[in-house]
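Spelled out, the chains give:
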Amino acid sequence: MSTASVSFRPGAVLADLLPASRVRDIALVAGGAALTGLAAQIAVHVDGLAAPITGQTFAALLVGTALGAGRGFLSLALYTLVGMAGVPWFAGGSSGAGGATFGYVLGMLLASTVVGALARRGADRSVLRTAGTMVLGSAVVYAVGVPYLALATGMSFGAAVAGGLTPFLIGDALKAALAMGLLPAAWKLLGRA
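Residues numbered from 1 in each chain as written. Predicted model: local features only at pLDDT ≥ 70, side-chain atom pairs only at ≥ 80, totals over all residues. Heavy atoms only, no water.

**Q** Lay out the overall build of the chain with the relevant residues and their values.
**A** Each helix and strand in the chain was counted, giving eight helices and two strands. Put simply, the chain runs from its N terminus to its C terminus through helices and strands in the order α-α-β-β-α-α-α-α-α-α. Computed over C-alpha atoms, the radius of gyration of the chain comes to 17 Å, within 12% of the 16 Å expected from 2.2 N^0.38 for 193 residues, which places it in the range of a compact globule. In terms of overall dimensions, the chain has a C-alpha envelope of 55 × 35 × 25 Å along the principal axes. Counting over 193 residues, the chain shows a buried share of 45%. (Helix = DSSP H or I, 4+ residues; strand = E, 2+ residues; numbered from the N terminus. Rg over C-alpha atoms; globule rule 2.2 N^0.38 Å. Buried < 20%, exposed > 50% of the residue type's maximum accessible area, 1.4 Å probe, protein only.)

Below you can see the structure in the form of C-alpha cells.
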C-alpha cells in the first residue's frame, strides 16, 4: 500500500485500516473506553482548580479521531455508562453521574463524535488540520463542561471559566501538539507498510 493510497482514501479513519469485522469494532470500542478510563487516572490535582489535569480529554479526542464518529461515540458512551454504573474510572478514580465535572465527560462524548466525523474527512492527515481538529474537539468539551460546572456548583459562569477552562489551556495546547505529531505520522507509517 503506498502513502498516496492511504492518505487519499476517502472516508477512512485509522481504525478502518484493520481488517473489518464485528469483533474488530467491538474490540476497538471497548479498547477506546478502556484507554480513556486509564488516561483519566493520570491526574494532577492543583489547588484552586475545579477539576484535575488528566489525560482523559486527550484520550477521548484520540479515540474519536482514530475510530471515527460512530465507533468514537460508542466508545465514549461505553466509558460514560460504565463510569455512571460505578466503575471508578473517571478522573481521579471517581464514578457516578451528577458530580461537578460530569459535564466534561458528556462534552468528551460529543467531542469524540465531532473529531471522528472530521477525521473521516481527512482532518487527521496533516499537522495543521489535526491542530484544528483538536482545538475544535477541546472547545466542544469546554462548551458542555464549563456551563455544567457552573450549574452543578452554583458558581458564576465567569468563575467556572476561570477555574474550569483557563488553567487547562496550556495543557490542551501540549496535548494538541502531541496529537499533531502522532496522527499524521501514523498515516505516513501505515502508508509505507
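**Q** Could you give an account of the environment of Thr54, naming the residues involved and the relevant values?
**A** Along the chain, Thr54 turns up in strand β2 (residues 53-54). Sequence separation between Thr54 and Ala185 is 131 residues; the distance between their C-alpha atoms is 24 Å. Not counting residues within four places of it along the chain, the set of residues in contact with Thr54 comprises Ala39, Ala40, Ile42, Ala43, Ala91 and Lys175. At 3.1 Å, the side chain of Thr54 and the backbone nitrogen of Gln56 are in polar contact. (Contact = heavy atoms within 4.5 Å. Polar contact = N/O pair within 3.5 Å; in protein donor to acceptor, adjacent residues only side chain to side chain.)

**Q** Give a detailed account of helix α7 (residues 157-164), specifying residues and quantitative values.
**A** Regarding α7, the residues found buried are Ala160, Gly163 and Gly164. Around the axis of α7, the buried residues are gathered within 80° of arc, so they sit on the same side. Against the buried residues of α7 lie α5 (102-119) and α6 (127-153). (Arc of directions from axis to C-beta.)

Nothing here speaks to function; it is all geometry.
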